[in-house]
Structure formats: structure tokens, C-alpha cells
Amino acid sequence: MTDASLPKQPPAYDMSLTDHGFDAHILKGLTYPLGEFGPEYGELYPLTFDIGWARLPVPGALKHINIWLLADHDEQGEGIAIVDTGLNMPETKEAWNKLLSGPLAGKRITRVIVTHFHPDHIGMAGWLCYKHNVRLWMNRTEWLMARMLTSDVREEPPQEALDQMRYCGWDDNRIEALRKRGWGNFARAVSPVPVGHVRLEEGQLLPIGKRNWRIITGGGHTPEHVCLYDEDNSVLIAGDQILPRITSNVSFMTSEPTANPLNEWLESIAKFRGKLAEDTLILPAHGEPFTGAYVRLDKLASGHYDRLDDLEAALKEKELRAVDTFEILFSRPIDDSVYGLATGEAMAHLIYLVEAGRAAVEIRDGVGWFASASQDG
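Because the structure is a prediction, the values reported are computed rather than measured.

Novice: Help me understand the overall build of the protein in this model?
Specialist: Of regular secondary structure, the protein possesses eleven helices and 16 strands. Relative to its length of 377 residues, the protein is compact, with a C-alpha radius of gyration of 22 Å against a globular reference of 21 Å. Along the three orthogonal principal directions, the C-alpha set of the protein runs to about 65 × 45 × 40 Å. A total of 377 residues make up the protein; the buried ones form 52% of that total. Taking contacts inside the protein between residues at least 6 apart in sequence as the whole, the part at least 24 apart equals 65%. Surface exposure of the protein reaches about 17200 Å², of which carbon and sulfur atoms provide 49%. Separation of charge centres in the protein, based on 37 positive and 54 negative side chains, amounts to 4 Å.

Shown next, in the form of C-alpha cells:
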């Protein structure tokens, strides 16, 4: 389908959400049109006449994931397109059943769209696709990652994965605990991923209902994270690419240990800043809808640049392993529940410095020791 054949009349509504009766909340340069409101599990809140907002439970500090229900139509008539799906766990299925038997009762599901391969986004996609006999729409790389990770289930982690953790500075006890946990935890949080998908790729124009959504992909958090941008009305379904209060995890991955994900992330921030309108309404995967895209993108970038400077300064004082950098990089204690994520993010920052010529690494007994590359360090 060409751009010329797509519907040209944008929806008529006030995307500032000022007609919803909520008191806007302004914090750190961002405006939350609905304040701190969020729908309860099983409820569907109409942001506009054709965008519904629901939440699904997520364990731990995140607490929830936002999903978006979009008015759609196809050759069979009117229906609902789903964007993101939640973790594959009983509490999520319960929330979905409440939605499907309640506010979505009698509505036909037309397709399931997933922004990226992380389990809280793709976890229930297969269940929904098979239940409603619809296709999964996803970026090819993200779909392949999900298919690979759900297929790779074994009793023990591969030795190369254990070696990578040793390289990061994990001690023998942590490595042994990782070995005992087995390999394939991803598959436990994801229902069977469909063996086929409809590809979403950068620049594609995707008509859903009366809207045309432009696909914008970002890297760093995942390889080709998909966002949906309604250019006519300045609305972005952002997934984890732009979150209002927390910074998405940017980590090195076992599947690509020599990549530079932080550089990809920073390039993506610049890319989104160049493509989005300043007053874009951001619909994030976690937190509340907000405006202030440039403020948030600039803050995300400056936060990483500041941490890189702090890390480089520390490396001038002494050499460090990845696990030695947590106090420099993070503003909270790192316990066992986030130790792996913190390790991945620390490595992403160290790799960035090495690739930029600002740090060097020496491997001793399988452990990577990082130091400043400056002549005076």
C-alpha cells in the first residue's frame, strides 16, 4: 500500500487530553495530562475515541506495563489491534480475561503488535494470537530474538555465558548460582511465539483504523525496538524507548558481547529528537502518558554522558572491573535481584569508553580490568 492510498482525514479530538477532567501534573519539565491516574487491572480507559489504555501486572519495582488498544478495521470489519501483551503468568492472564470478558467483550481482535522481544511485552502475544486466530506484527530482528530465546532451553548455561560473567568480575559463588539456575528462564515468561510474523521496519507507514502510524526503530535497549508514531496528531506509542521517570536498561548481551549498545542508544535518542514534534504525547510502557519529549530525551542523553564522565574519571584513579563500577553508575544499592542487569549496564558504559578511545581493557585470568586510556591516567 502506498502513502497516497492511505486515509487522509486525521481523527478529530483534543490530543492534549484537556477535556478529560483530570488535573495535569507537571514535574521536571514534563507534563502529565492525566496526572497520576492509571487504570486498574481489567479496566480500559479511553484516552481518545480510538485509543484505549489498560495495564497489566509486572512483578518487582515496575509493578505494571501499559498496553494500548487501537480501533482498527480490516476486510472482516471493525475490531481492536493490541499493542504489547504483558508477561506470561497467571496474574496477567487473569487481567486479560477481565478485559476480554468486560470492556472488550464482543470486540474482535484484528492483530497483535509487539514493540520488542522483552518478556513483559511479548509474553502473552502467542496466547492472544492463537486464542483469536490473528497474526503477530513485529520487527524481524525482535521476533527472531524471541524465537531464539524461547527455543534455547537447557539444564545449564553455556560455558561462554559463564565466562562472560567471570570477565565482568563475578566471583565463583555468583557464577555457581547462575549455573544452578539453569538456562532458559526467558521461555518460562513467554507463551509460545508464533512461527510466523508480519514484519515491521523503520520508516514503514502502518494504517490502523483512522490513523497512520509511522514505524520508528531504536537500538540499545533492544536491537530494533519498534515505536508507532502518529505524525498527523503527534502521538507516540513508545514502548520502553522513552520512559518518563526511569531510564531503560542498556546492556551488553550474551548473544553479541562485542557490540556497543550504549552508542546505539545515544544515537537513537538523537534520532527520535529529530523525528518527533516537541509537543508529542508519549504513551510509554511504564508510567503515565506525558508531553515534553525533548526535555526527556535530553535528560536521558545527559544522564548517560555524565555517568560516562564519572566513570572515566574513576578509571584514571585505578583500574576497575565491571562489578566495581556500580557505586559510580547507580544511585541505589545493587542487590541480587538486579545484579545481572547492573552488570550488563556497567559493561555497556565500559565498552562505550573503550570504543571511544577513552578507556582500555586488559584481561587477566579471564577477568576484564578497565583503566583510563589517557596519557595522564
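And the narrative resumes.
Novice: Would you mind going over helix H3 (residues 125-132) with me for this structure?
Specialist: Since there are 3.6 residues in each turn of an α-helix, residues three or four apart along the chain are aligned in direction. Within H3 the residues assigned to the buried category are Ala125, Gly126, Trp127, Leu128 and Cys129. In the segment just after H3, Asn133 is the residue with positive phi, at about 55°.

Novice: Mind showing me how you'd approach the packing of aromatic side chains here?
Specialist: The geometry of an aromatic ring pair is captured by the separation of the ring centres together with the interplanar angle, meaning the angle of the planes. If you walk through the whole model with that rule in mind, you get nine aromatic pairs. Ring geometry for Phe37 and Trp53: centres 5.8 Å apart, planes at 85°, overall edge-to-face. With a gap of 16 residues between them, Phe37 in the loop between strand S2 (30-32) and strand S3 (45-46) and Trp53 in strand S4 (residues 51-57) connect regions that are remote in the sequence. Look at Phe37 and you get partly exposed, because its relative accessible area is 24%. Taking the centre distance of 6.1 Å and the plane angle of 40° together, the rings of Phe117 and Phe186 count as tilted. Taken together, the positions of Phe117 in the loop between strand S7 (109-113) and helix H2 (119-122) and Phe186 in helix H7 (residues 185-188) put the pair 69 residues apart, joining distant regions of the chain.

Novice: Please explain the sheet that holds strand S6 (residues 77-83) as it appears in this structure.
Specialist: Sheet strands associate in pairs through backbone hydrogen bonding, adopting either a parallel or an antiparallel arrangement. Strand order in the open sheet formed by seven strands is S3-S4-S5-S6-S7-S8-S9, and the pairing between neighbours is mixed. The open sheet has two edge strands with one neighbour each: S3 and strand S9 (198-199). Set on the sheet, helix H1 (residues 90-101) makes contact with S4, strand S5 (64-74) and S6; between it and S4 the angle comes to about 150°.

Novice: Help me understand the pairing of strand S15 (residues 359-364) in this model?
Specialist: Within a regular strand, the side chains alternate between the two sheet faces. For S15 and strand S16 (residues 367-372), the ladder comprises six bridges, and the chain directions are antiparallel. Residue pairing in the sheet places Ile363 in a bridge with Gly368 of S16. Linking S15 to S16, which pair antiparallel, is a turn of two residues; within it Asp365 sits at a positive phi near 55°.

Novice: How should helix H8 (residues 261-275) be read in this particular structure?
Specialist: Taking 1.5 Å per residue as the helical rise, H8 with its 15 residues ought to reach 21 Å, and the 21 Å between its terminal C-alpha atoms agrees with that figure. What H8 keeps buried is the set Pro261, Leu262, Trp265, Leu266, Ser268, Ile269 and Phe272. Down the axis, H8 shows its buried residues gathered within 155° of arc, on one side only. Residues of H8 that are exposed and angled more than 90 degrees away from the buried face: Glu267, Ala270 and Gly274.

Novice: Explain the confidence of the model for the protein here, please?
Specialist: Do not read the fine detail of predicted coordinates wherever pLDDT is low. Of all residues in the protein, 93% have pLDDT values of 70 or greater, and the mean over the chain is 92. Note on residues 1-20: pLDDT is under 50 here. Beyond four places in sequence and across chains, it has 38 contacts.

Novice: Explain the pattern of salt bridges here, please?
Specialist: Close approach of charged atoms allows side chains with opposite charge to pair. On inspection of all chains with the given rule, the structure shows 23 salt bridges. Residue Arg166 pairs with Asp172 through a salt bridge whose shortest N-O separation is 3.0 Å. With a relative accessible area of 30%, Arg166 lands in the partly exposed category. We note a salt bridge from Glu362 to Arg364, for which the minimum N-O separation is 3.7 Å. By relative accessible area, which is 43% here, Glu362 ends up partly exposed. Connected through shared salt-bridge partners, Asp50, Arg211 and Asp230 make up one network.

Novice: Even after reading the chapter, I still don't get the sheet that holds strand S12 (residues 225-230), so can you show me in this structure?
Specialist: Ordered by their spatial adjacency, five strands build an open sheet running S10-S11-S12-S13-S14, and the pairing between neighbours is mixed. Each having just a single partner strand, strand S10 (205-208) and strand S14 (281-284) make up the two edges of the open sheet. Each strand axis lies, on average, 30° off the axis of its neighbour in the sheet, ignoring direction. Of the strand pairs in this sheet, strand S13 (residues 235-239) and S14 are connected by four bridges, and their pairing is parallel. If you follow Gly239 over to S14, its bridge partner there is Pro284.

Rules of the game
Residues numbered from 1 in each chain as written. Predicted model: local features only at pLDDT ≥ 70, side-chain atom pairs only at ≥ 80, totals over all residues. Heavy atoms only, no water. Helix = DSSP H or I, 4+ residues; strand = E, 2+ residues; numbered from the N terminus. Rg over C-alpha atoms; globule rule 2.2 N^0.38 Å. Buried < 20%, exposed > 50% of the residue type's maximum accessible area, 1.4 Å probe, protein only. Contact = heavy atoms within 4.5 Å. Areas by Shrake-Rupley, 256 points an atom, 1.4 Å probe, with all protein chains shown as cover. Lys, Arg positive; Asp, Glu negative; His and termini not counted. Charge placed at Lys NZ, Arg CZ, Asp CG, Glu CD. Phe/Tyr/Trp six-rings, centres within 6.5 Å; stacked < 30°, edge-to-face > 60°. Pairing = 2+ DSSP bridges. Axes fitted to C-alpha atoms, helices over the stretch in contact; angles between N-to-C directions. Expected span 1.5 Å × (residues − 1). Arc of directions from axis to C-beta. pLDDT = per-residue confidence, 0-100. Salt bridge = Lys/Arg side-chain N within 4 Å of Asp/Glu carboxyl O.

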